[in-house]
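Structural overview for review
Chain by chain, the residues run as shown.
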Amino acid sequence: MSGETAPLSFVDPHAGEEAGSKAAAGVRRVATTTMGCKVNQFETEAIRQALRGAEYELVPFEAEADLYLVNTCTVTSEADRQARQLVRRALRRNPEAFMVVAGCYAQRDPEAVAAIPGVDLVLGNGEKVDVHGLIPDLEAGELPQVMVGDPDEASAVPEGLLTRFESRTRGFLQVQQGCDQSCTFCIISSVRGGNRSVPVRHVVRQVDRWAQVGTREFVVTGVDVGSYGADLEGGADLAGLLAAVAEREGDFRLRLSSLDPSHITDELIGLFREEPKLCPHVHLSLQHGDAKVLKQMKRRYGPSLVRERMAALREAAPDLVLSADVLVGFPTETEAAFEAALALVDELEIAYPHVFPFSPRPETPGGRIPEKKQVPPQERKARAARMRELGAQIRQRVLERAAGKPQRVLVEEPDRHHPGWMRGRAATYLPVRIPEGWVEPGEFVECVPEQVEEETLVARR
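Owing to the predicted nature of the structure, the values given are computational and were not obtained by experimental measurement.

Side note on the nonpolar core
Core analysis: the biggest nonpolar cluster contains 84 residues, and Leu238, Leu242, Leu254 and Met387 have the highest contact counts within it. Among residues more than four places away in sequence, those in contact with Leu242 are Val220, Leu254, Leu256, Leu268, Leu271 and Leu278. One finds Val87, Ala97, Val101 and Tyr105 within the second-largest nonpolar core, a separate group that totals 26 residues.

See the structure below:
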């Protein structure tokens with residue numbers, strides 16, 4: 001869809017009549033749900049804030065609403081299937097509700113989304129943040145069913161500042177949009193457009209706004225966050241942006257999300273060594289551990305660079321904990337290549353691998369490889385299970401090594417599964433459970449967890 005220069009629009013001939021009947025009672029209650037990445041979560045929060053400003057009542061997605069909005073992901077065919085399932089489930093609760101489907105699946109295949117029974121409006125990534133202003137025309141039946149434009153023409157982030165994130169404790173701080181890579185397995189660059197960076201001054205103002213209402217952790221995110229600043233002539237790179245944010249007053253911390261190994265610069269490593277506000281945790285956009293597979297994916301690095309950068313990063317931040325995106329079952333992945341990926345994940349100690357089997361996308365080079373050359377679906381599934389099991393083993397040993405060591409924990413919420421306890425996370429991202437009443441949610445606590453239970457560090461007063 002990145003080649004479109006004007007919105008697509010087509011309307012079922014009876015769409016206006018249906019909209020008119022649906023609108024008899026008017027839209028007052030709106031429910032939203034988010035699929036996929038932290039960028040989507042940031043954008044949904046912007047949508048929700050705009051809806052509040054327009055005086056709509058926000059209700060849980062599981063409740064009966066007058067309008068449902070599903071902000072979709074399309075990274076795999078499974079994500080597309082789940083989006084369709086969410087639409088059907090919501091409309092079972094209220095068949096008369098308006099249904100708006102937005103985001104990456106809508107951007108990639110608007111015709112397929114529009115064909116889902118009950119869908120009234122399909123919005124691309126550039127159009128979805130305006131949904132609050134579109135509702136009156138939707139009620140009146142005066143909108144095309146599909147409004148999807150060129151993602152390159154959308155702003156990097158929604159205009160204006162978010163007054164707060166849904167969780168006052170943590171906020172996803174989107175600093176960048178789009179991707180200039182063309183990885184052979186990935187559809188995201190075509191549905192998000194090219195790299196666009198948010199000016200430092202805007203990011204700093206957003207941090208100041210959230211810090212004033214008690215946000216204590218900022219998860220710095222983007223579609224390809226390591227490319228931050230490449231489009232800003234003479235502007236800061238990612239390390240410069242983080243340094244500028246860290247200078248702001250307040251007791252908060254910064255966490256990095258979805259970082260390409262090739263973007264881990266010496267300046268960034270130096271910041272991990274020197275800046276106490278920067279969490280010793282990185283989520284890597286790793287994808288694989290075999291040199292040939294990485295090359296055929298058109299990644300910008302090989303295993304040797306990953307090892308070298310991770311060694312330097314661990315030297316700067318000895319308590320570093322890693323999470324990572326790991327793709328298994330790419331068409332050229334032999335059993336030996338998969339074993340190489342397992343070995344690298346184990347060597348790097350990736351405690352939280354986000355594992356997903358390869359999902360062919362016809363729009364990508366990887367998706368056009370003949371089926372006979374693809375890894376069979378059942379084998380992809382089996383390899384994904386093996387990778388997740390390895391991740392569980394690594395996670396357990398990382399947690400056990402952390403037990404008995406001082407941790408600064410940001411307390412988030414009551415633990416629903418353990419009455420009388422609160423849940424939070426250490427700066428390393430490791431989950432920690434502490435007794436209720438120690439501190440309030442949104443506060444930091446210094447503690448020494450004594451043991452590991454159910455993949456969680458447990459601390460007692």
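We are not done yet, so read on.
A few points about the sheet that holds strand β17 (residues 431–435)
Strand order in the open sheet formed by six strands is β18-β15-β16-β17-β20-β19, and the pairing between neighbours is mixed. The sheet is open, and its two borders are formed by β18 (444–447) and β19 (451–453), each paired with just one other strand. For this sheet the average axis-to-axis angle between neighbouring strands, irrespective of direction, equals 40°. Sheet analysis places strand β15 (residues 407–414) next to β18, joined by four bridges and oriented antiparallel. Paired with Gln407 across the bridge in β18 is Cys447.

A word on the packing of helix α12 (residues 303–316) against helix α13 (residues 335–348)
Between α12 and α13, the shortest axis-to-axis distance is 11 Å and the interhelical angle comes to 15°. Classified by the angle their axes make, α12 and α13 are roughly parallel. Between α12 and α13 lies a crossing of right-handed hand. Two secondary-structure elements touch here, α12 through Val306, Arg307, Met310 and Arg314 and α13 through Leu344, Glu347 and Leu348. Per-class residue counts for the contact of α12 with α13 are four nonpolar, no polar and three charged.

Side note on the pattern of salt bridges
In total, this model carries 33 salt bridges according to the counting rule given. Across the pair Arg29 and Asp66 runs a salt bridge, and its minimum N-O distance is 2.8 Å. Placement of the pair is Arg29 in strand β1 (residues 29–34) and Asp66 in the loop between β2 (57–58) and β3 (67–72), with a sequence separation of 37 residues. Here Arg395 makes a salt bridge to Glu455, at a shortest N to O gap of 3.0 Å. Taken as a pair, Arg395 in helix α14 (residues 377–402) and Glu455 in the loop between β19 and β20 (456–458) lie far apart in primary sequence, 60 residues in all. Exposure remark for Arg395: the relative accessible area of 13% places this residue in the buried category. Using a relative accessible area of 34% as the deciding quantity, one classes Glu455 as partly exposed. Here the residues in one salt-bridge network are Glu333, Glu335, Glu339, Glu379, Arg383 and Arg386, joined through shared partners.

Points about the UniProt feature "domain: TRAM" (unreviewed entry) in the chain
With numbering aligned to this structure, UniProt lists the feature "domain: TRAM" (unreviewed entry) at residues 400–461. End C-alpha atoms of residues 400–461 are separated by 19 Å, and the span's content is 5% helix alongside 47% strand.

Some points on the packing of helix α8 (residues 200–212) against helix α9 (residues 238–246)
Interaxial distance between α8 and α9 falls to 10 Å at its minimum, and their mutual angle equals 35°. Judged by the sense of rotation from one axis to the other, the crossing of α8 with α9 is right-handed. Contacts between α8 and α9 involve Val200, Val203, Val204 and Val207 from the first element and Leu241, Ala244 and Val245 from the second. Considering only residue class, the contact of α8 with α9 consists of seven nonpolar, no polar and no charged.

Things to note about helix α3 (residues 77–93)
The terminal C-alpha atoms of α3 lie 25 Å apart, and with 17 residues this matches the ideal 24 Å at 1.5 Å per residue to within 8%. Along α3, the residues that are buried comprise Ala79, Asp80, Ala83, Leu86, Val87, Ala90 and Leu91. Along the long axis of α3, the arc covered by the buried residues comes to 125°, so they all point the same way.

Focus: unusual backbone geometry
A positive phi is found at Ser258, a non-glycine position, where the angle reads about 55°. With respect to the helices and strands, Ser258 occurs in strand β11 (residues 253–259). Its identity as a non-glycine residue notwithstanding, Tyr429 has a phi of 90°, on the positive side. One can find Tyr429 in the loop between β16 (421–426) and β17.

What counts, and where the lines are drawn
Every residue gets a number counted from 1 within its own chain, in the order that chain's sequence is written. With the structure being a predicted model, the display of local features is reserved for residues of pLDDT at least 70 and the display and counting of side-chain atom pairs for 80 or more, all residues being used for whole-chain, interface and lining totals. Note that the side-chain values use all heavy atoms of the structure and ignore hydrogens as well as water. Throughout this description, the term nonpolar core refers to a set of buried Ala, Val, Leu, Ile, Met, Phe, Trp, Tyr and Cys residues connected via side-chain atoms within 4.5 Å. Residue exposure (1.4 Å probe, protein chains only): buried if accessible area is under 20% of the type maximum, exposed if over 50%, otherwise partly exposed. Whether two residues touch is decided by their heavy atoms; if any such pair falls within 4.5 Å, the residues are in contact. When DSSP locates at least two bridges between a pair of strands, those strands are taken to pair. Numbering of helices and strands starts at the N terminus; helices are DSSP runs of H or I of at least 4 residues and strands are runs of E of at least 2. Between N-to-C directions, angles cover 0 to 180 degrees, with each direction set by a line fitted to C-alpha atoms, over the stretch in contact for helices. If an angle is under 35 degrees, it is roughly parallel; if it is over 145, roughly antiparallel; if it lies from 65 to 115, roughly perpendicular; otherwise it is oblique. By the definition used in this description, the sense in which the near helix is turned from the far one sets the handedness, with an anticlockwise turn below a right angle giving left-handed and a clockwise turn giving right-handed. Three classes are used: nonpolar for Ala, Val, Leu, Ile, Met, Phe, Trp, Tyr, Cys and Pro, charged for Asp, Glu, Lys and Arg, and polar for all others, with Gly counted as polar. Salt bridge, as used here: a side-chain nitrogen of Lys or Arg that lies within 4 Å of a carboxyl oxygen of Asp or Glu. UniProt positions are given in the numbering used here, feature names are shortened, and annotations may be inferred rather than shown by experiment. One less than the residue count of a helix, multiplied by 1.5 Å, gives the span that helix is expected to have. What the arc measures is the spread of directions leading from the helix axis to the C-beta atoms.

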